[in-house]
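Single-letter residue listing:
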Amino acid sequence: MSENLRVAVIGAGRMGADHVQRLNHRITGAEVAAVVDVDLTRAQVAIEGISSAVALSSAEEAFARDDINAVLIATPGFLHEDILLQALALDLPILCEKPLTPDAASAWKIVEAEQRLGHKRVQVGFMRRFDAEYARLGEMMHGQELGATLMVHCAHRNPDTPAGFTNTMLINDSVVHEFDVIRFLTGEEITSVQVRLGRATRNAPVGQHDPQHVLIETESGILADVEIFVNAQFGYQVTTQAVFEQGIVNIGEDGGPYVRSTGRWGGNVTPSFIERFGTAYDVEVQAWVDAARRQDIGGPSAWDGYATAACCEAGVEAQLSGEKVTVQLNAKPALYRDSATSILEPAAVHA
Ligand code: ISE
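### Looking at the pairing of strand β5 (residues 94–97)
Working note: regular strand, side chains alternate between the two faces of the sheet.
Phase 1 of the analysis: Here β5 shows no split at all, with Ile94 and Cys96 on one side and Leu95 and Glu97 on the other all buried.
Phase 2 of the analysis: Both β5 and strand β6 (residues 122–125) contribute to a ladder of four bridges, which runs parallel. From the neighbouring strand, Cys96 faces β6, where its bridge partner is Val124.

Right, here's the structure in full:
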């Protein structure tokens, strides 16, 4: 493909609108051809000033057009499956925001559809893999620069949650990122998840137990723990500490200008994931565009979406039972065997 990728962005909410601006201003080799939202006014607002784009109210309308040759899916996760299957039927390059789909059985259907095509078309929007610090930590782990990895401690804090953010979404929308980065950093699949509920903040909406403590094990026995705290009030923070045989590495600590002035010292708290991962999103989308133009994907695959969906399913079960829940995975199809995330051969579990 020599000309620009002509992208239909499906979903014009916070993330979709952010991707529209990114594609329009910072990404080369692509342009926004359409923005789709059930709320047509929201789609119209998103394309303001973008002469290459039309506003539409359904994905079907976008797929019926002949001037669209790529799709970026940024609707809520429960709508992904149908849009993904339509886009795969047309063999279009797809960047799908996480989660790929909300459960492992539906994510497996995407893996199967892609296998029928015989090549990878779906890149999943796990943007943390494109953050410079996560990438460097991954290199340190894979290269055993400080010896073997023993433990990983993660903290994931959001200032508050949007209306309708359920207790399940703490796992499916937020901890899903930790599942993916732990797989990415260690190069191993996750084998079990346990969720502990302790003292809760009074600042959470009714129905949410916040914070939660998620305990994770990988194939070789690396232990990871995640504090997920989505009504932390003070701002946004995502940190990881990795414990190696010969050292400790921290990433995600506060950065930016350190100001010393009359009566004060310090810097600014990051307000949200849009700022914290802004550069990572840019790198991610550019990698997708560059790869799509050579008929490839440039990041995490449908397999990664499926494997994290299975972790989320185990996480939600663990939230309810308090027990340690085993993560069940089908065997990794040959199409995905170039991405090393398993040291064991699993059996078939999702039909
Ligand atoms: C949100 O959807 C994201 O993807 C953010 O990265 C995460 O920090 C937040 O918890 C999610 O709700």
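Past the structure itself, the notes keep going.
### Comments concerning the pattern of salt bridges
Phase 1 of the analysis: In this structure the tally under the stated criterion is 21 salt bridges.
Phase 2 of the analysis: One salt bridge connects Arg42 with Asp37, and the closest N-O pair in it is separated by 3.2 Å.
Phase 3 of the analysis: Residue classification places Arg42 among the partly exposed residues on the basis of a relative accessible area of 40%.
Phase 4 of the analysis: The salt bridge involving Asp304 is made with Arg129; its shortest N-O contact spans 3.4 Å. Here the residue Asp304 occupies a position in helix α10 (residues 302–321), and Arg129 occupies one in the loop between β6 and α6 (132–142), the gap between them amounting to 175 residues.
Phase 5 of the analysis: Among the residues examined, Arg129 registers a relative accessible area of 15% and is labelled buried.
Phase 6 of the analysis: A single network of salt bridges, built from pairs that share partners, joins Arg129, Asp180, Arg183, Glu189 and Asp304.

### Topic: helix α4 (residues 80–89)
Phase 1 of the analysis: All of the buried residues along α4 are His80, Ile83, Leu84, Gln86, Ala87 and Leu88.
Phase 2 of the analysis: Structurally, α4 contributes buried residues whose contacts are with β1 (5–10), α3 (59–64), β4 (70–73), β5, α5 (104–117) and β6.
Phase 3 of the analysis: Phi turns positive, to about 60°, at Asp91, one or two residues after α4.

### What about the domain arrangement of the protein chain?
Phase 1 of the analysis: Along its sequence, the protein chain is carved into domain 1 (5–128 + 278–301) and domain 2 (133–276).
Phase 2 of the analysis: Counting residues at the interface gives eleven residues for domain 1 and 15 residues for domain 2.
Phase 3 of the analysis: Each partner contributes to the roughly 1200 Å² buried at the junction of domain 1 and domain 2, and carbon and sulfur atoms together form 57% of this total.
Phase 4 of the analysis: Taken as a group, Arg14, Phe126 and Arg128 account for 54% of the area that domain 1 buries against domain 2, more than any other trio of residues on that side.
Phase 5 of the analysis: Inspection of the region where domain 1 meets domain 2 yields two salt bridges.
Phase 6 of the analysis: A salt bridge links Asp173 to Lys98; its shortest N-O distance comes to 3.9 Å.
Phase 7 of the analysis: Counting the contacts that link domain 1 with domain 2 gives seven residue pairs in polar contact (both at pLDDT 80 or more).
Phase 8 of the analysis: Sorting the residues of the side of domain 1 that touches domain 2 by element identifies α1 (14–25) and α9 (278–292) as the ones contributing at least two each.
Phase 9 of the analysis: With three residues, the single largest contributor to the side of domain 1 that touches domain 2 is α1.

Each value, and the rule that gives it
Residues numbered from 1 in each chain as written. Predicted model: local features only at pLDDT ≥ 70, side-chain atom pairs only at ≥ 80, totals over all residues. Heavy atoms only, no water. Buried < 20%, exposed > 50% of the residue type's maximum accessible area, 1.4 Å probe, protein only. Helix = DSSP H or I, 4+ residues; strand = E, 2+ residues; numbered from the N terminus. Pairing = 2+ DSSP bridges. Salt bridge = Lys/Arg side-chain N within 4 Å of Asp/Glu carboxyl O. Contact = heavy atoms within 4.5 Å. Domains from an automatic or database assignment. Buried area = accessible area lost by both parts, 1.4 Å probe. Polar contact = N/O pair within 3.5 Å; in protein donor to acceptor, adjacent residues only side chain to side chain.

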